[in-house]
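Residues per chain, in single letters:
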Amino acid sequence: MEMCEAGASLVCPEVKAVPPARPNQFERVFQPCLAELLGTTFFVFVGCVSVIENEGATGRLQPALVHGLAVAAMVACMAEISGSHFNPPFTLAIYLCGGLDMNMVFPYLACQLLGGVLGAAMAKAMTSKESFAKAHGAAFDVLQSNDALGGALFGEVAMTCLVTLVVLLGAVNAKTRSPMVPFLVGCTVAVLILAGGGVSGTCLNPARAFGPALMSNYWTYHWVYWVGPIAGGLLAALLVRLLLGDRKTRLLLK
């Protein structure tokens, strides 16, 4: 038996696993930023076109499906490169929950805002002047008076909090991480647009709001689409850090 084992070991020597090479600077810094830029660009592009060319008979269904499916596709394709944030509140929340290094936060935010502008510019180049002007370039124009301001602001906070929780629990938190997170995030975005589109427009993303506002020069109540989503993202990060996260993420009850 010993001879057989010795012979087997000579014939089939044990192969040592080669440790993976450490990512270079391009893979660690430039590639993720490029993914955030391209992902946000195409998400805002198709999202804006879906609003500008929206058929009246489809109501909110067309923008909801387009935004949701675009998010799902881009997250699935680029998650292993940059984490597929495409949204400043997501980046801030993921950083606060330990899913992103500090040195990547500001480059990500800059790429997302630039992507929002590029995507809106592509939508403007693709659509007719009449359709673009009628939809204000897909800028959020639901708010027209102070009477609806409180409900819209609350809606942006609450809805962004929900979708950010899905991102944090589905992609960052080790205990609840799921390979279905692209589908989950996309479905959440579509459902929230169907539910709250008539109240605030369901922005949930300052990059999605900034680009179209800049291209159409439409800034009415624009601040709502920064304050609401950022507050909602921070609230979601707080909930995960304090209560919902695993032992490595949660601050309380460790």
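Predicted model only: the values in this text are computed from it and were never measured.

(A) Just the packing of aromatic side chains, in detail. According to the stated counting rule, one finds 3 aromatic pairs in the structure shown. Ring geometry for phenylalanine 210 and tryptophan 219: centres 6.2 Å apart, planes at 50°, overall tilted. Put simply, the rings of Phe210, Trp219 and Trp226 touch in pairs and so form one group of aromatic residues.

(B) Up close: the state of the cysteines. Across all of its chains, the model carries 0 disulfides by this definition. Free cysteine: cysteine 111, not disulfide-bonded; nearest cysteine sulfur from cysteine 33 at 4.3 Å. Overall, the relative accessible area of 16% leaves cysteine 111 in the buried class.

(C) The arrangement of the UniProt feature "transmembrane region" (unreviewed entry) in the chain in detail. Per the UniProt record, "transmembrane region" (unreviewed entry) is annotated on residues 104-123, 148-171, 183-203 and 223-244. Between the C-alpha atoms that bound residues 104-123 the distance is 28 Å, and the span itself is 95% helix and 0% strand. Span residues 148-171 is 96% helix and 0% strand, its end C-alpha atoms 34 Å apart.

(D) Up close: the nonpolar core. Formed by 46 residues in total, the largest nonpolar core has its most connected members in Ile52, Val163, Leu168 and Val185. For this core, the elements supplying multiple residues, two or more each, are helix H2 (25-52), helix H3 (61-82), helix H4 (88-96), helix H5 (105-126), helix H7 (149-172), helix H8 (181-196) and helix H10 (224-244). At 9 residues, the largest contribution of residues to this core is made by H2. With sequence-adjacent residues up to four places away left out, isoleucine 52 is seen in contact with Ala123, Thr127, Ser131, Phe132, Ala135, Gly137 and Ala138.

(E) Spotlight on H10. For H10, the full list of buried residues reads Val224, Tyr225, Gly228, Pro229, Gly232, Gly233, Ala236, Ala237 and Val240. Buried-residue contacts for H10 involve H4, H7 and helix H9 (206-216).

(F) Representation of the packing of H4 against H7 in the model. Between H4 and H7, the shortest axis-to-axis distance is 10 Å and the interhelical angle comes to 50°. Considering their axes alone, H4 and H7 lie oblique with respect to each other. Judged by the twist between their axes, the crossing of H4 over H7 is right-handed. On the side of H4, the interface is formed by Pro89, Phe90, Ala93 and Ile94, while H7 contributes Thr160, Val163, Thr164, Val167, Leu168 and Val172. Residues belonging to the contact of H4 with H7 are distributed by class as follows: 8 nonpolar, 2 polar and no charged.

About the thresholds
- Residues numbered from 1 in each chain as written.
- Predicted model: local features only at pLDDT ≥ 70, side-chain atom pairs only at ≥ 80, totals over all residues.
- Heavy atoms only, no water.
- Phe/Tyr/Trp six-rings, centres within 6.5 Å; stacked < 30°, edge-to-face > 60°.
- Disulfide = S-S within 2.5 Å.
- Buried < 20%, exposed > 50% of the residue type's maximum accessible area, 1.4 Å probe, protein only.
- UniProt positions renumbered as here; feature names shortened; annotations may be inferred.
- Helix = DSSP H or I, 4+ residues; strand = E, 2+ residues; numbered from the N terminus.
- Core = buried A, V, L, I, M, F, W, Y, C linked by side-chain atoms within 4.5 Å.
- Contact = heavy atoms within 4.5 Å.
- Axes fitted to C-alpha atoms, helices over the stretch in contact; angles between N-to-C directions.
- Parallel < 35°, antiparallel > 145°, perpendicular 65-115°, else oblique.
- Left-handed = near helix turned anticlockwise from the far one by under 90°.
- Nonpolar A, V, L, I, M, F, W, Y, C, P; charged D, E, K, R; others polar.

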